[in-house]
Amino acid sequence: MNATVARVTGETLLDAPQPGGRRPAPGRLALVQAFVNTHYDLATDGGGELLGDPKALGAWMSAHALIAPDARLDAQDLERALAFREGLRALAFSNNDEPLDEAAVEALAAASAGAATEIRIAPEGPRFVPSAESALDAGLAALLAITATAMIDGTWPRLKACPGRHCGWAFYDHSRNQSARWCSMQICGDREKARSYYRRRSERLGAGAPVGDREHERGDQGARRGEREDEGEHRLSLRGEVDADDHPAARRPRPSG
Ligand SMILES: [Zn+2]
């Protein structure tokens, strides 16, 4: 198991695509980030669920050195892993000042039961070694250890879930003042700003503007108002941007807990 944990480094994840051309989370936290983002496959059209069945879960986890390649997972394992994942996403939403989904966090706690870890103290620092029974226990324990480490070293609050409609993408906020809100300003940020602009405008106008009007002015000044603190992220997003309709936000419903 030691060797398994030792192989789990962020380096293998550095080439993972990120909306907005952002860099992934530092070190091993990139692995937790990648796990949370398995709800949307950026590499295919339409972006389906990467963990669609137990076999896919096993393949993903062994490809990321979380379980042995020959480990067999069943439907219960899948259900547990997805509850675990959505609990992490709930925490990441909370990191982005969204209300905490307490049911999802409770489900995370339940899914974590049995994912035991030993702590080994060494001169270079503590190491967390899964001491779990089942393959999934060990894999989840490794993810928990990384998350716990990030909470202790202060990187965790920067792992945020994007509040864009149908999004929930986990991105790492590298901005100096930790003010990034969207996975990509051009995708979710502009779209949400356009929405709130039209909402406010409709309220001002009373019954609301006709739909045609709203569509016509979509992406106009509404998309460019305010929130200057996000502009650094906006610049970042100009590099390697994916088309808005190809993004997680475009089609994926936010998984319900
Ligand atoms: Zn988003």
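Everything numeric here is computed off the predicted structure, so don't read it as measured data.

Trainee: Looking at this structure, how should I read the overall build of the protein?
Mentor: When helices and strands are tallied, the protein shows 10 helices and 4 strands. What you see in the protein, going N to C, is helices and strands ordered as α-α-α-α-α-β-β-α-β-β-α-α-α-α. Within the span of the protein, comprising 257 residues, buried residues form 38% of the whole. For the protein, the proportion of contacts with a sequence separation of at least 24, taken over those separated by at least 6, is 62%.

Trainee: Honestly, helix α5 (residues 102-112) in this entry has me stumped. Any pointers?
Mentor: Residues Ala104, Leu108 and Ala111 constitute the buried set of α5. The buried residues of α5 occupy an angular sector of 70° when the element is viewed end-on, so they sit on one face. Within α5, the exposed residues directed more than 90 degrees away from the buried face are Glu102, Ala109 and Ala110. The secondary structure elements touched by the buried residues of α5 are α4 (75-95). Where α5 ends, the next residue or the one after it, Gly114, has phi of about 95°, a positive value.

Trainee: Any chance you could explain the packing of α4 against α5 here in plain terms?
Mentor: Each pair of packed helices can be summarised by the angle the axes make with each other and by the distance between the axes. For the pair α4 and α5, the least separation of the axes is 8 Å and the interaxial angle reads 135°. Taken together, the axis directions place α4 and α5 in an arrangement best described as oblique. Pair α4 / α5 crosses with left-handed handedness. Seen from α4, the contacting residues are Arg80, Ala83, Phe84, Glu86, Gly87, Leu88, Ala90 and Leu91; seen from α5, they are Ala104, Val105, Ala107, Leu108, Ala111 and Ser112. Taken together, the residues that form the contact of α4 with α5 break down as 10 nonpolar, 2 polar and 2 charged.

Trainee: For this particular structure, what's the right way to read unusual backbone geometry?
Mentor: Glycine aside, residues mostly have negative phi, and peptide bonds are mostly found in the trans state. The residue Asp97 is not glycine, and still its phi comes out positive at about 65°. Inspection of the secondary structure puts Asp97 in the loop between α4 and α5. When the 9 C-beta atoms within 10 Å are taken as the criterion, Asp97 is described as exposed.

Trainee: How do you make sense of the confidence of the model for the protein when you look at a structure like this?
Mentor: Residue-level pLDDT values for the protein average 79, and 74% of them are 70 or greater. Confidence drops under a pLDDT of 50 for residues 1-12, and excluding neighbours within four residues, the segment shows 21 contacts in the predicted structure. The low-confidence segment residues 208-246 (pLDDT under 50) makes 52 contacts with residues lying over four places distant or belonging to another chain.

Trainee: Please explain the environment of Ala92 as it appears in this structure.
Mentor: Within the secondary structure, Ala92 is located in helix α4. Judged by the 25 C-beta atoms lying within 10 Å of it, Ala92 is buried. For Ala92 and Cys162, which are 70 residues apart along the polypeptide, the C-alpha to C-alpha distance reads 8.5 Å. When neighbours within four sequence positions are excluded, Ala92 is seen to be in contact with Val36, Leu159, Lys160, Ala161 and Ala170.

Trainee: What should I look at first to understand the pairing of strand β2 (residues 125-130) in this one?
Mentor: For a regular strand, side chains alternate in direction, first toward one face of the sheet and then toward the other. The pairing of strand β1 (residues 117-122) with β2 spans 6 bridges and is antiparallel. Bridging from a neighbouring strand, Arg120 pairs with Arg127 of β2. Hairpin geometry of β1 and β2 is characterised by an intervening segment of 2 residues between the two adjacent antiparallel strands.

Trainee: Honestly, the nonpolar core in this entry has me stumped. Any pointers?
Mentor: Inside soluble globular proteins, nonpolar side chains tend to come together where they are buried. In terms of nonpolar packing, the biggest core is built from 50 residues, with Val32, Ala92, Ile146, Cys162, Trp169 and Cys183 touching the most fellow members. Secondary structure elements with two or more residues in this core: α2 (29-36), α3 (54-63), α4, α5, α6 (135-153), β3 (159-161), β4 (170-172) and α7 (185-205). Take this core: its biggest share by element is 10 residues, from α6. Cys162 has contacts with Cys167, Gly168, Trp169, Phe171, Trp182, Cys183 and Cys188, leaving out every residue within four places of it along the chain.

Trainee: Help me out: how do you make sense of the packing of α2 against α6 in this one?
Mentor: In contact at an axis separation of 9 Å, α2 and α6 are set at 120° when each is read in the N-to-C sense. Of the possible angle classes, the one that applies to α2 and α6 is oblique. Seen along the crossing, α2 lies across α6 with a hand that is left-handed. The residues of α6 that touch α2, namely those facing Leu29, Leu31, Val32 and Phe35, are Leu143, Ile146, Thr147 and Ala150. For the contact of α2 with α6, the per-class residue count stands at 7 nonpolar, 1 polar and no charged.

Trainee: Looking at this structure, how should I read α4?
Mentor: Because each turn of an α-helix spans 3.6 residues, side chains separated by three or four positions end up pointing in the same direction. A rise of 1.5 Å per residue sets the reference length of α4, with its 21 residues, at 30 Å; its end C-alpha atoms lie 30 Å apart and thus fit the reference within 8%. Downstream of α4 by a residue or two, Asp97 has a phi angle that is positive, lying close to 65°.

Thresholds applied
- Residues numbered from 1 in each chain as written.
- Predicted model: local features only at pLDDT ≥ 70, side-chain atom pairs only at ≥ 80, totals over all residues.
- Helix = DSSP H or I, 4+ residues; strand = E, 2+ residues; numbered from the N terminus.
- Buried ≥ 20, exposed ≤ 12 C-beta atoms within 10 Å, placed from the backbone.
- Contact = placed C-beta atoms within 7 Å.
- Arc of directions from axis to C-beta.
- Axes fitted to C-alpha atoms, helices over the stretch in contact; angles between N-to-C directions.
- Parallel < 35°, antiparallel > 145°, perpendicular 65-115°, else oblique.
- Left-handed = near helix turned anticlockwise from the far one by under 90°.
- Nonpolar A, V, L, I, M, F, W, Y, C, P; charged D, E, K, R; others polar.
- pLDDT = per-residue confidence, 0-100.
- Pairing = 2+ DSSP bridges.
- Core = buried A, V, L, I, M, F, W, Y, C linked by C-beta atoms within 7 Å.
- Expected span 1.5 Å × (residues − 1).

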